[in-house]
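Topology and contacts: notes
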Amino acid sequence: MRKTLFLVVVLICMFTLIASAKATLVQIAEFNIPEANQGIGVDDRYFYAVDNRVIAKYDKATGELVNKFVGPADGQIIHLDSAMVKDGKLYCAHSNYPAWPMTSSVEIFDTFTMEHIGTHSFGINYGSLTWFDYYNGYWWATFANYDNLNGPDLYTPNGPNKTLYGNKLTTQMVKFDDQFRYLESWTLPKSILDKFEVMSNSGGSWGPDGFLYLSGHDPAEIYKMSLPKAGSILVLEDILPMGIRGQGIAWDRSDPGVIYGIIRATSEERKAGGMHKVVAYRMVITP
């Protein structure tokens, strides 16, 4: 009886410690990278900085440029976003942002040659694809919708709800099988969408702890999410400060616990000679 009570007390203490553990992100690297304007991908040796029509491959130990893809200004690649690496291929979210109606695709690149080697179009079915990831045998993607874009003086607000890009409340994360066939989807909690103001979810990457991490368009933080046990709204588990300015994020699956992000230089910073940055952080768990 006493032994049983002792074990119960030990288990209660263990679960209390686990429940009270706090995750923080500690910066471990920073590089000045002119192409780090939209998103980031990473593998065991390199990171891949993404701009609208450009993907630049850098040595993640030295920050030296290794290779680059540059799409023509009049080409069909318009707005690349977040990226992820799987089996020597870089999968990059792509849309026709800021055009209407929204169209989306995944563009595929060879990580060695940086040549464009494939594409899969989602058409106008969901929204503007902002991130794309592979986890647990499935593809996961967020298709963003927005409350407005640049105002009615520049574009006609002809989307649903009299907004240009369909109301950010209709932003959804979609789960696909390995052939890109739709399986199911979820929306984001309003508490997170409110942080994005008129924009939406820009980055996403499944972490080594089995949770999904999302980023916004501007906030210097990431959102630890889980799938709901019922219903269709993702569950917010935690908010972690991270020195980014929104946009794409990517967990380094060759170094569990390390996550990459970008800092977009402001117009004032660029005028003063500054440039975009790639940053890396390590997750630290403390009791």
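Here, the structure is the one placed above.
Residues numbered from 1 in each chain as written. Predicted model: local features only at pLDDT ≥ 70, side-chain atom pairs only at ≥ 80, totals over all residues. Heavy atoms only, no water.

Re the overall build of the chain
- Counting its regular elements, the chain contains 3 helices and 20 strands.
- Taking all 287 residues of the chain together, the buried fraction comes to 49%.
- The long-range share in the chain, meaning contacts at least 24 apart out of those at least 6 apart in sequence, stands at 50%. (Helix = DSSP H or I, 4+ residues; strand = E, 2+ residues; numbered from the N terminus. Buried < 20%, exposed > 50% of the residue type's maximum accessible area, 1.4 Å probe, protein only. Contact = heavy atoms within 4.5 Å.)

Looking at the layout of surface pockets
- A volume near 170 Å³ is recorded for the second largest pocket.
- Val 42, Met 84, Val 85, Trp 251 and Arg 253 are the residues nearest the centre of the second largest pocket, which is lined by 17 residues in total.
- If you list the elements that add at least two residues to the lining of the second largest pocket, you get strand 6 (79-86), strand 10 (128-135), strand 14 (203-206) and strand 18 (250-251).
- For the lining of the second largest pocket, the element with the most residues is strand 6, which contributes 4 residues. (1 Å grid on protein atoms, 1.4 Å probe; cavity = no way out; pocket = protein on both sides within 12 Å on 5 of 7 lines; lining within 4 Å. Points joined across faces, edges and corners; volume = space filled by probe spheres on them.)

Focus: the nonpolar core
- Core analysis: the largest hydrophobic core is formed by 16 residues, its most contacted members being Ile 33, Ala 36, Ile 40, Phe 47, Tyr 260 and Val 278.
- Mapped by element, the contributors of at least two residues to this core are strand 1 (22-32), strand 2 (39-42), strand 3 (46-50), strand 4 (54-59), strand 19 (258-263) and strand 20 (277-286).
- Ranked by residue count, the leading element in this core is strand 19, at 3 residues.
- Of all hydrophobic cores here, the second largest spans 15 residues; its members include Val 106, Phe 122, Trp 139 and Phe 180. (Core = buried A, V, L, I, M, F, W, Y, C linked by side-chain atoms within 4.5 Å.)

Examining the environment of Lys 89
- Within the secondary structure, Lys 89 is located in strand 7 (residues 89-95).
- Given a relative accessible area of 35%, Lys 89 falls into the partly exposed group.
- Spatially, the C-alpha atom of Lys 89 lies 6.5 Å from that of Ile 108, the residues being 19 residues apart in sequence.

Re the pattern of salt bridges
- For the coordinates displayed, the defined rule picks out 12 salt bridges.
- A salt bridge links Arg 253 to Asp 133; its shortest N-O distance comes to 2.7 Å. One end of the pair, Arg 253, is in the loop between strand 18 and strand 19; the other, Asp 133, is in strand 10, with 120 residues separating them in the sequence.
- Judged by its relative accessible area of 41%, Arg 253 is partly exposed.
- For Asp 133, a relative accessible area of 1% translates into the label buried.
- Of the charged contacts in the structure, one is a salt bridge between Glu 184 and Lys 175, with a shortest N-O distance of 3.7 Å.
- On the basis of relative accessible area, Glu 184 is assigned to the partly exposed category, the value being 35%. (Salt bridge = Lys/Arg side-chain N within 4 Å of Asp/Glu carboxyl O.)

Section: the sheet that holds strand 20
- With antiparallel pairing, 4 strands are arranged side by side in an open sheet as 1-20-19-18. In the strand order of this sheet, the two ends are held by strand 1 and strand 18, each with one partner. (Pairing = 2+ DSSP bridges.)

Let's talk about the pairing of strand 11 (residues 138-144)
- Within strand 11, 6 of the 7 residues are buried, which leaves the element mostly enclosed by the surrounding structure.
- The loop that links strand 10 with its antiparallel partner strand 11 comprises 2 residues; one of these, Asn 136, has a positive phi angle of about 55°.
- For strand 11 and strand 12 (residues 172-176), the ladder comprises 5 bridges, and the chain directions are antiparallel. When the bridges of strand 12 are listed, Ala 141 appears paired with Val 174.

Honestly, that's just the spatial picture; any functional story needs more than this.
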